[in-house]
Amino acid sequence: MKSSLESLLNSQVLLLPSKKPAAAKGPNSIRLDKGELPFAPSPLVIEALKREISQINRYPELLGGSLRKALAQYTQAKVEQIILGNGSDDLIELILKVFVAPGDEVILPSPTFFIYEFATKVVGGIPINVARNKQFDIEIEDILARLNSKTKIIFLANPNNPTANLTSREKIIELLEKSDCLVVVDECYYEIAGLSVIDLIESYPNLLVLRSFSKSFGLAGIRLGYALASSQIIDYLYRLAQLFPVNRLALVAGEAALGDLGYIEENIKKIIQQRVLLQQGLEALGLQVYPSATNFLFARTTGITSAELVESLAQQEIYLADFGLKQGLDAYYLRIAVGSERENELLLQAISEKITGDIIK
Ligand SMILES: Cc1ncc(COP(=O)(O)O)c(C=O)c1O
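Residues numbered from 1 in each chain as written. Predicted model: local features only at pLDDT ≥ 70, side-chain atom pairs only at ≥ 80, totals over all residues. Heavy atoms only, no water.

Chemist: Describe helix 10 (residues 248–258), naming the residues involved and giving the relevant values.
Modeler: Helix 10 sits mainly inside the fold: nine of its 11 residues count as buried. Along helix 10, the residues that are buried comprise Arg248, Ala250, Leu251, Val252, Ala253, Gly254, Ala256, Ala257 and Leu258. Turning to helix 10, the residues buried within the fold contact helix 2 (43–52), helix 3 (65–75), strand 2 (82–85) and helix 11 (261–284). A distance of 2.9 Å separates the backbone nitrogen of leucine 249 from a side-chain oxygen at the start of helix 10, and that oxygen is part of asparagine 247. (Buried < 20%, exposed > 50% of the residue type's maximum accessible area, 1.4 Å probe, protein only. Helix = DSSP H or I, 4+ residues; strand = E, 2+ residues; numbered from the N terminus. Contact = heavy atoms within 4.5 Å. Polar contact = N/O pair within 3.5 Å; in protein donor to acceptor, adjacent residues only side chain to side chain.)

Laid out in structure tokens, this is it:
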């Protein structure tokens, strides 16, 4: 080969970091770093997966077939207003491919879900980070001030990850009315938060709503998400989508999960109960905990940096997500998924030992 490999690359690749495998986690580890649900999926999901497994020599239905219909019933949208994806991460990338050309700008009220920035860079777009206020709420005027003819998308995670707070419906409507670009409202935690703007997709052609089966439905490992928007936007998205973005097992798992909403509601009740107890426990240990509409808590340490706390707990196989020094934050922020009752108790005990141990030293 005469020229270097780098000279062949799409230059965007060099702007992105390499991915490294995470250290293997033991079977007894307490995993509160990825915002997952601690419960097994509904027994109906497991039965449906068992039935489908012998069919995986066949490709899945092209546009998601009966799951799309079940979602139309669940969301009260039309089938042609829904697209399925291999997790909502996959749909975020697809939206960027369809709307953003190299040099176009994408507004990110930050801190926010890091995949928006990653996927913007993948397509050569320019991420414009607009800082949220002290309560991590968005400031409409600050966002509007950054819009120009190159702005294609505003991404609004609602509730936001990692800060766990909700943006009001009124503010979203103001954003939709005052901007000409696509507004993506990411409702990944919808069933926990209970606030949605999907009813607005008929009135606002610039609105797209993202949803996921990873959080409230407890199906993070199956990779299944969907988006709702005008049938015109959905048609454009399907033009660029892979032929079979969602596998057969994910399709039947999603449909079975929608057929057992009682199970989901029970799990959400448990998570919200545990969230309150975990928040109280963390506050009693001196952490500042922000209001949460999700299945995780965003917290701030004092005296000890979040990196030090997270590293120390990892040695005991308790995993939390460190946000210290990320996205404009100082060295004291972390995100903690709400685990099972037992996991939360062990977490609080470990934090207490770390903090009191440090004071005695
Ligand atoms: C706001 C937000 N959107 C999307 C995702 C990704 O969800 P999925 O598992 O469906 O790709 C996450 C995951 O944490 C999230 O927090």
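Chemist: Go over the nonpolar core, please, and point to the residues and values.
Modeler: Among the nonpolar cores identified, the biggest contains 77 residues, and Leu208 and Phe213 are the most heavily contacted of them. Counting residues per element, this core draws most heavily on helix 10, at seven residues. When residues no more than four places from it in sequence are discounted, the contact partners of phenylalanine 213 are Leu67, Leu71, Gly218, Leu219, Ala220, Leu224, Tyr226, Gly254, Ala257 and Leu258. If you look at the next biggest cluster of nonpolar residues, it comprises 24 residues, including Leu297, Ile336, Leu348 and Ile351. (Core = buried A, V, L, I, M, F, W, Y, C linked by side-chain atoms within 4.5 Å.)

Chemist: How would you sum up the sheet that holds strand 13 (residues 333–337)? Please name residues and give values.
Modeler: Working definition: the strands of a sheet are paired by backbone hydrogen bonds and lie parallel or antiparallel to each other. Spatially, the four strands line up as an open sheet ordered 9-10-13-12, and their pairing is antiparallel. Of all strands in the sheet, those bounded by a partner on one side alone are strand 9 (288–289) and strand 12 (321–322). Bridge analysis of strand 12 against strand 13 gives two bridges, and the strand direction is antiparallel. From the neighbouring strand, aspartate 322 faces strand 13, where its bridge partner is leucine 334. Contacting strand 9, strand 10 (296–300) and strand 13, helix 11 crosses the sheet at an angle of about 15° to strand 10. (Pairing = 2+ DSSP bridges. Axes fitted to C-alpha atoms, helices over the stretch in contact; angles between N-to-C directions.)

Chemist: An account of the side chain of threonine 112 is needed here, citing residue identities and associated values.
Modeler: In this structure, threonine 112 sits in the loop between strand 3 (105–110) and helix 5 (114–122). A residue is classified by how much of its surface remains accessible, and threonine 112, at 4% relative accessible area, is buried. Every residue in contact with threonine 112, bar those within four places of it in the chain, is listed here: Arg132, Ala157, Asn160, Asn161, Pro162 and Gln327.

Chemist: Any details on the pattern of salt bridges? Residues and values, ideally.
Modeler: Per the stated rule, a full pass over the model turns up 17 salt bridges. Two residues, arginine 211 and glutamate 187, come together in a salt bridge whose shortest N-O distance is 3.0 Å. Taken as a pair, arginine 211 in strand 7 (residues 207–212) and glutamate 187 in the loop between strand 6 (182–186) and helix 8 (190–193) lie far apart in primary sequence, 24 residues in all. On the basis of relative accessible area, arginine 211 is assigned to the buried category, the value being 2%. You can call glutamate 187 buried: its relative accessible area is 2%. Between lysine 269 and glutamate 266 there is a salt bridge whose closest N-O contact spans 3.3 Å. Of this pair, lysine 269 and glutamate 266 both sit in helix 11, three residues apart, roughly one helical turn. Salt bridges here are not isolated pairs; linked through shared partners, they connect Lys25, Asp33 and Lys34. (Salt bridge = Lys/Arg side-chain N within 4 Å of Asp/Glu carboxyl O.)

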